[in-house]
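# Coordinate inspection notes
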Amino acid sequence: MAGAAGRVVRRWYPSVLRSSLQVPALQLHMSKTAMRASQKDFESALSQVKRLKDPGNEVKLKLYALYKQATEGPCNTPKPGVFDLINKAKWDAWNALGSLPKETARQNYVDLVSGLSSSSDSSSQVKPEADRKQPGYETLVVTSEDSITKIMMNRPAKKNAITIQCLRVHKYQPSSSFSPTHSDVPSEMYNEIMLALKAASKDDSAITVLTGNGDYYSSGNDLSNFTDIPPEGIEEKAKSSAILLRDFVDCFIDFPKPLIAVVNGPAVGISVTILGLFDTVYASSRATFHTPFSHLGQSPEGCSSYTFPKIMGPAKAAEMLIFGKKLTAAEACAQGLVTEVFPDSTFQKEVWTRLKAYSKLPPNAMRISKQVIRNREKEKLRAINAEESRALQERWLSDECTNAVMNFLTRKAKL
Ligand SMILES: CCCCC/C=C/C(=O)SCCNC(=O)CCNC(=O)[C@H](O)C(C)(C)COP(=O)(O)OP(=O)(O)OC[C@H]1O[C@@H](n2cnc3c(N)ncnc32)[C@H](O)[C@@H]1OP(=O)(O)O
């Protein structure tokens, strides 16, 4: 397996796979004997693959196997143990290629990537407001129009799960080696949402909207965040995640303008809990609201331990936050978490018509009204946020949490 230096990280590899799917830089300096006609195509496919949308684990395994076969030949490593699920899946995929010649594997790799590229080019996934899109975000589409700044979570293939890890993008230098020409690209969603909120708080928009692209609003914390353990160890990871969580939630507590959630589909975990910090929540009739913290060995965040009992009363809040009861949009509206539910078929049209009308109201008056409503609670909310983050820091180190996350990542459990 590759050492830490000189690695290519394929952006869409979940970190659970990434750790061992990383392509050793030196392997890309193919031996002279391998410099055949398809070498150039192969190299171009290797760089093309990094720009593709996530093709799913099955295809990633195929790519991995073909890559290994093309560069190393038939599988030559011992079979991983039965509990080493990820490495075993990879080993199985490589081993299944038997004695396929290197050249054929290389050609198959090129063909597979070319097929993936054309299907991703013709993908029906809309690139919303591409022309008005603010540059610089990897996981969001941020647009400003009609005095509304819209922050759209944009990982539809992953149900807009919110990522932590800062991917290191190493650029391929054909002549020498892989070098980290641009590292720490802010490609993760927690930080990008914070950046977008900070920018929106200062821009000339009157209101700010958070929504999701695709069929989900958001499936909450990306559970593969838990697998990206730094060399300093798991305690350090829990500590830095708790700080990130606290800072993330503080951005919502402190946001100075009217903040509206346009909940276009199901919402899970932290994408639900922070709704208590929004001023208005519009939901599609297709949306659901689910906070399965106990199932995950975790505890509530986003100030929900305070806002939910306040909004819906302690008994209903406990059913959601302790027992993970999933609410329909209508139920969430009846409990006061959602402002209004719209039929899914007319959701976007009705909501945006409403929001455009609101955005024409005098912005300073709206801002002051929000402050009058919210300011007296801010200090309390910050203290609650810090306390919830501390509790989670411990939870993340528990066996209950580790087992629940591993069950999801190995596909034994879905919520
Ligand atoms: C640092 C701050 C931490 C703050 C603490 C936050 C806590 C939380 O937010 S707790 C909630 C965490 N979220 C979950 O537990 C949801 C897990 N996801 C699911 O149960 C399901 O994926 C689903 C119910 C959301 C959707 O099911 P389904 O419609 O069957 O779609 P798939 O499962 O096939 O999902 C497609 C694709 O997306 C990946 N994915 C979805 N959600 C997550 C997620 N939260 N984390 C990581 N990955 C997620 C899923 O793995 C699939 O990926 P591929 O297999 O590669 O296609």
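Please read all numbers here as calculations on a predicted model, not as lab measurements.

So, how was this worked out
- Residues numbered from 1 in each chain as written.
- Predicted model: local features only at pLDDT ≥ 70, side-chain atom pairs only at ≥ 80, totals over all residues.
- Heavy atoms only, no water.
- Pairing = 2+ DSSP bridges.
- Helix = DSSP H or I, 4+ residues; strand = E, 2+ residues; numbered from the N terminus.
- Core = buried A, V, L, I, M, F, W, Y, C linked by side-chain atoms within 4.5 Å.
- Buried < 20%, exposed > 50% of the residue type's maximum accessible area, 1.4 Å probe, protein only.
- Contact = heavy atoms within 4.5 Å.
- Domains from an automatic or database assignment.
- Patch = residues over 30% accessible without salt bridge, like charges linked within 9 Å, V, L, I, M, F, W, Y side chains within 5 Å.
- Areas by Shrake-Rupley, 256 points an atom, 1.4 Å probe, with all protein chains shown as cover.
- Salt bridge = Lys/Arg side-chain N within 4 Å of Asp/Glu carboxyl O.
- Phe/Tyr/Trp six-rings, centres within 6.5 Å; stacked < 30°, edge-to-face > 60°.

## Points about the sheet that holds strand E11 (residues 288-290)
Ordered in space as E9-E11-E12, the three strands form an open sheet in which the pairing is mixed. Because the sheet does not close on itself, it has two edges, and the strands there are strand E9 (267-268) and strand E12 (327-328). As defined by bridge partners, E9 adjoins E11 across two bridges and the pair is classed as parallel. The residue of E11 that forms the bridge with Ala267 is Phe289.

## Remarks on the nonpolar core
Core analysis: the biggest nonpolar cluster contains 63 residues, and Phe252, Val263, Phe278 and Phe289 have the highest contact counts within it. If you tally residues by element for this core, the top one is helix H8 (residues 234-254), at nine residues. In this structure Val263 touches Tyr217, Leu275, Val281, Tyr282, Ala283, Ser284, Ala287, Phe289 and Phe347, once residues within four positions along its chain are discounted.

## Digging into the domain arrangement of the protein chain
With domains assigned, the protein chain is organised as domain 1 (39-117) and domain 2 (140-168 + 185-414). Centre-to-centre, using C-alpha coordinates, domain 1 lies 37 Å away from domain 2.

## Digging into a nonpolar patch on the surface
Taken together, the side chains of Ile229, Ile234 and Leu397 present a nonpolar region at the surface, about 230 Å² in accessible area. Relative to the elements of secondary structure, Ile234 occurs in helix H8. Ile234 gets classed as partly exposed once you look at its relative accessible area, which sits at 40%.

## With respect to the pairing of strand E10 (residues 280-284)
Counting buried residues along E10, five of its five residues qualify, which places the element largely inside the surrounding structure. By the alternation rule, side chains of E10 split into Thr280, Tyr282 and Ser284 and Val281 and Ala283, which are all buried. Of the pairings in the sheet, the one linking strand E8 (residues 259-263) to E10 comprises four bridges and is parallel in character. Bridge pairing in E10 links Ala261 to Val281. Strand direction decides the pairing type here: E10 and strand E13 (residues 340-342), joined by three bridges, are parallel. Counterpart to Ser284 in the pairing with E13 is Phe342.

## With respect to the packing of aromatic side chains
Working definition: an aromatic ring pair is given by the centre-to-centre distance plus the angle between the planes. Scanning all chains against the criterion turns up eight aromatic pairs. Taking 5.2 Å as the distance between ring centres and 65° as the angle between the ring planes, the aromatic pair formed by Phe248 and Phe252 counts as edge-to-face. Highlighted residues: Phe248 and Phe252, both in helix H8, separated by four residues, approximately one helical turn. Pair check on accessibility: Phe248 and Phe252 agree, each one buried. Consider the rings of Tyr282 and Phe342, whose centres lie 5.4 Å apart with planes at 90°: the pair is edge-to-face. Of this pair, Tyr282 sits in strand E10 while Phe342 is found in strand E13, placing the two residues 60 residues apart along the sequence.

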